[in-house]
Structures are given as structure tokens and as C-alpha cells.
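Here is how the chains run, residue by residue.
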Amino acid sequence: MDLNELIELIVMETRINGLTMMPLRHENNLAREIVVALAESNLLNPALKTNTNDRAMEAMREFSRRNPPMFDGASSDPLVVDHWLAQIRKLFRALKITKDDLRVNIVAVQLTGEANEWWESILELRKDLRNQFERLEQENMTMSEYARRFQSLSRFAPELVATEERKCRHFEKGLHSSVKLLVASQRIGKFSKIILLSVRGVRRFR
């Protein structure tokens, strides 16, 4: 999913094509898809990198001086959305704003009303998925199910799995007690190897 698709999804799905904004407690596959895309692109990190802070602030100030249009998501006319996106992209080009994280942050500032509420629900969903990862335990899952769940949720807490070592330690923490001691005692630092050892441990204690 590229940035253009991402921006369009953020602003259009509140009304376009007959879709309405869904509360966070409901299953929202589209919202989950966007959160995954944002996380994979590292666009939902709480702050920009230190060495880009000055440039980001300067770009946002310059963008604001141009009186960019807001978007509230209330119109069901696709032409309204297309016009808004065209104006935003024109400003991005004029100001040479090319970094994806900065562009998404700027777009988010221009959302109001229903569009902003939908965006906030995306951020809340991301927090929920991060919390799920932090609390993840194998419990009754098979090892392959646990590994898949771990990989799927880990993208929402990238700093917790920033290195192979940290990723392995977090994986160990959630293992079933029947294999955790065996795996932890080996202090393995490569994720593929720790999964292999975990699978062997399960077979050993059957």
C-alpha cells in the first residue's frame, strides 16, 4: 500500500461507497489493514526521529501558512474528496514534502469531524494491538499459532523487537511453562532458532 492509497483510505472510508465509520469495539477489517500498513511503514511511532524534528516543524509551519483545506468526511460526493486530495498533494509538491511519515502526520492534522474521529479510532486500535502484544501468552495455542500471532502483533511494538535478542526474550516470556524453562536456559539470540527449539521442546514433553 503506497502513500496515496493510504491517504485516500484515511479520508474516504467514513462515507464513500456507502461505508460508515465503525466504533472501535466492532470488527473493522479495513481499519486493521490500515493500521498494519502504518505500522509496517513506521508511521505510527510517537515521535519523529531527532535529526528530522527541525525539518518537520519547519515544513508543518510552512504548510499551515498556505491555509490548507480541512476535511470533515461529511460529504458523500467522491469529487469533494478528490478535490481536497488534489489540493493537499499540490501543497506537498510545492513545499517538497516527500517523507511519508511527515505527510501522513500533516494530513492527520487537516482532518476534522467524522474523518478525525475515524482517524482517532485507528490510533486507539493500534494501542490496543500493542497492548495485546505486550500481554501475549501461548496458553492453549499450538507453537505455530503462537509464533504467527507473535509475528503479527510484534509490528505494533517495533521497539520491543528491535533486535533479534529482544525479540527472542519477548517470545520466551509468553511461552507455555512446559517449554519456557528449556528454551530460556539456552539463551538463544536468533528468532528462527528459538522457534525451532520451542517446537522440539513441545515434542519432548508430550
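Owing to the predicted nature of the structure, the values given are computational and were not obtained by experimental measurement.

Conventions we followed
Residues numbered from 1 in each chain as written. Predicted model: local features only at pLDDT ≥ 70, side-chain atom pairs only at ≥ 80, totals over all residues. Heavy atoms only, no water. Salt bridge = Lys/Arg side-chain N within 4 Å of Asp/Glu carboxyl O. Helix = DSSP H or I, 4+ residues; strand = E, 2+ residues; numbered from the N terminus. Buried < 20%, exposed > 50% of the residue type's maximum accessible area, 1.4 Å probe, protein only. Expected span 1.5 Å × (residues − 1). Arc of directions from axis to C-beta. Phe/Tyr/Trp six-rings, centres within 6.5 Å; stacked < 30°, edge-to-face > 60°. Lys NZ or Arg CZ within 6 Å of the ring centre and 35° of its normal.

Asker: Talk me through the pattern of salt bridges; I want residue IDs and the actual numbers.
Answerer: Side-chain pairing between opposite charges can occur once the charged atoms of the two side chains come close. By the definition in use, this model includes eight salt bridges. The salt bridge partner of R130 is E159, with a shortest N-O separation of 2.4 Å. Of this pair, R130 sits in helix α6 (residues 113–134) while E159 sits in the loop between α7 (143–154) and α8 (164–173), placing them 29 residues apart in sequence. Judged by relative accessible area, E159 falls into the partly exposed class, the value being 35%. Because the salt bridges share partners, they merge into one network encompassing E165, R169, E172 and R187.

Asker: How would you sum up α7? Please name residues and give values.
Answerer: Spanning 12 residues, α7 covers 16 Å between terminal C-alpha atoms, matching the ideal 16 Å at 1.5 Å per step. Restricting attention to buried positions, one finds in α7 the residues M143, Y146, A147, F150, L153 and S154. Looking down the long axis of α7, one finds its buried residues gathered within 140° of arc, a one-sided arrangement.

Asker: Account for the packing of aromatic side chains, naming residues and giving values.
Answerer: For the coordinates displayed, the defined rule picks out eight aromatic pairs. Geometrically, the ring pair formed by F71 and W84 is tilted, given 5.2 Å between the ring centres and 40° between the ring planes. Highlighted residues: F71 in the loop between α3 (53–65) and α4 (78–94) and W84 in helix α4, separated in sequence by 13 residues. Seen in terms of ring centroids, F150 and F171 are 5.2 Å apart; in terms of plane orientation they differ by 85°. Their pairing is edge-to-face. Note that F150 is positioned in helix α7 and F171 in helix α8, a separation of 21 residues in sequence. An aromatic cluster is present here, built from F133, Y146, F150, F171 and F191 joined pairwise through their rings. Sitting over the face of the ring of F191, K167 holds its NZ or CZ atom 4.4 Å from the ring centroid.

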